[in-house]
Amino acid sequence: MTKQADCSSSPSGEILRAYGEFNRGDWYDCHETLEDLWIGSEDEPRWFYQGMLQIAVALLHWRNGNYGGAVSLLAGGVEYLQRVSPVCQRIEVATLAAEAERFREELVRLGPERMAELPETLIPKMRLAAV
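J.: Explanation requested: the state of the cysteines in the structure shown.
T.: Disulfides are covalent bonds that link the sulfur atoms of two cysteine residues. Taken as a whole and judged by the stated rule, the model has one disulfide. Across the disulfide from Cys7 sits Cys88; the S-S distance is 1.9 Å. In this structure, the disulfide formed by Cys7 and Cys88 twists by about -85 degrees around the S-S bond and is classed as left-handed. Here Cys7 is found in the segment before α1 (13-24), whereas its partner Cys88 is found in strand β1 (residues 87-88), with 81 residues between them in sequence. The same class applies to Cys7 as to Cys88, namely buried. Here Cys30 is not disulfide-linked; the sulfur of Cys88 is the nearest cysteine sulfur, at 14 Å. Taking the relative accessible area as the measure of exposure, Cys30 reaches 0% and is therefore buried.

The structure is reproduced here in structure tokens:
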């Protein structure tokens, strides 16, 4: 049996793939990559994967015009990430959570009719922490 990854682990190839997919806006693919990691994970890594997964799906909903799904999953994803260390597997979790919350707040301020006006500069990005 392989050792379960935890937040102090180096990022796996799957995390690095999810990182690239997320930052390119390939949120569906990112969701698929993270779901494979999420299944069978426990405790902090599970919250880490689930939070990032929910934010990726939220952004997919936003792009597809599903306001309710986007707002709901952004809130849930941030909630999961707030249970995780500020940096997990070299991903800056606290930064991602803060950016996702800012995005959600602006989305709520704009409302469903104006959600397409949300500036792309507010789209959250995954960032790697310095070694």
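The rest of the description comes next.
J.: Would you mind going over unusual backbone geometry with me for this structure?
T.: With glycine set apart, most residues show a phi of negative sign, and most peptide bonds adopt trans. You will see that Asp43, though not glycine, has its phi angle at about 55 degrees, which is positive. As for its placement among the helices and strands, Asp43 is situated in helix α3 (residues 43-63). In the Ramachandran plot, Arg90 falls in the positive-phi region, its phi being about 70 degrees despite a non-glycine side chain. Topologically, Arg90 is positioned in the loop between β1 and β2 (91-92). You can call Arg90 partly exposed: its relative accessible area is 30%.

J.: How should α1 be read in this particular structure?
T.: If you check α1, its first and last C-alpha atoms are 17 Å apart, about what 12 residues at 1.5 Å a residue would give, namely 16 Å. Residues Ile15, Ala18, Gly20, Glu21, Phe22 and Asn23 constitute the buried set of α1. Immediately downstream of α1, the backbone of Gly25 shows phi near 85 degrees, a positive value.

J.: In this structure, what is going on with the nonpolar core? I would like to understand it.
T.: Ranked by internal contacts, the top residues of the largest apolar core, which has 39 residues, are Phe22, Leu34, Phe48, Met52, Trp62 and Leu107. Of all the secondary structure elements, the ones that give two or more residues to this core are α1, α2 (27-38), α3, α4 (67-81) and α5 (93-110). When residues no more than four places from it in sequence are discounted, the contact partners of Phe48 are Ile15, Leu81, Val84, Cys88, Gln89, Ile91 and Val93.

J.: Would you mind showing me how to read the packing of α3 against α4 here?
T.: The description of two packed helices rests on the angle between their axes and on the distance between the axes. Packing of α3 against α4 brings their axes to within 8 Å, and their N-to-C directions diverge by 160 degrees. By the angle between their directions, the pair α3 and α4 is classed as roughly antiparallel. Here the hand of the crossing between α3 and α4 comes out left-handed. Facing Trp47, Phe48, Gln50, Gly51, Met52, Gln54, Ile55, Val57, Ala58, His61 and Trp62 of α3, the residues of α4 in contact are Gly69, Ala70, Leu73, Leu74, Gly76, Gly77, Val78, Tyr80 and Leu81. Taken together, the residues of the contact of α3 with α4 sort by class into 13 nonpolar, seven polar and no charged.

Thresholds applied
- Residues numbered from 1 in each chain as written.
- Predicted model: local features only at pLDDT ≥ 70, side-chain atom pairs only at ≥ 80, totals over all residues.
- Heavy atoms only, no water.
- Disulfide = S-S within 2.5 Å.
- Helix = DSSP H or I, 4+ residues; strand = E, 2+ residues; numbered from the N terminus.
- Buried < 20%, exposed > 50% of the residue type's maximum accessible area, 1.4 Å probe, protein only.
- Expected span 1.5 Å × (residues − 1).
- Core = buried A, V, L, I, M, F, W, Y, C linked by side-chain atoms within 4.5 Å.
- Contact = heavy atoms within 4.5 Å.
- Axes fitted to C-alpha atoms, helices over the stretch in contact; angles between N-to-C directions.
- Parallel < 35°, antiparallel > 145°, perpendicular 65-115°, else oblique.
- Left-handed = near helix turned anticlockwise from the far one by under 90°.
- Nonpolar A, V, L, I, M, F, W, Y, C, P; charged D, E, K, R; others polar.

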